[in-house]
Amino acid sequence: LNEHLFNLPLAFLSHWLLPRKLVFMDFWVATVLATGYLFFYLFILDANGAHFYIILSPRPWWCIFSYTGILLIYAGLFWAFS
């Protein structure tokens, strides 16, 4: 089984068992980590031929929409849970 399969259900379970409102620092840290991983993926993994996520590929013209969409999902989840 893939570890990514369990991330979202475990996050919802954690929020359900120990509910708290999110603060801006939660959003900021999540966004910084996601951006850091994106740069790691683009400049290290993708540059060395490790193409794990087609949606993060910088080659198609629509890649800016995927990056923007991911940030909007982060913002939407922050808004929904705070």
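Keep in mind the model is a prediction, meaning the values are calculated, not measured. (Residues numbered from 1 in each chain as written. Predicted model: local features only at pLDDT ≥ 70, side-chain atom pairs only at ≥ 80, totals over all residues. Heavy atoms only, no water.)

Draft legend 1. Region of interest: the packing of aromatic side chains. Going through the model one piece at a time under the given rule, you end up with eight aromatic pairs. Aromatic side chains Tyr-37 and Phe-40 sit 6.2 Å apart centroid to centroid with 45 degrees between the ring planes, which places their arrangement in the tilted category. With a gap of three residues between them, Tyr-37 and Phe-40 both fall in helix α2 (residues 24–45), about one helical turn apart. Look at Phe-40 and you get partly exposed, because its relative accessible area is 38%. A centroid spacing of 6.1 Å and a plane angle of 85 degrees characterise the contact between Trp-61 and Phe-65, whose relative ring orientation is edge-to-face. Considered together, Trp-61 and Phe-65 belong to a single accessibility category, that of exposed residues. (Phe/Tyr/Trp six-rings, centres within 6.5 Å; stacked < 30°, edge-to-face > 60°. Helix = DSSP H or I, 4+ residues; strand = E, 2+ residues; numbered from the N terminus. Buried < 20%, exposed > 50% of the residue type's maximum accessible area, 1.4 Å probe, protein only.)

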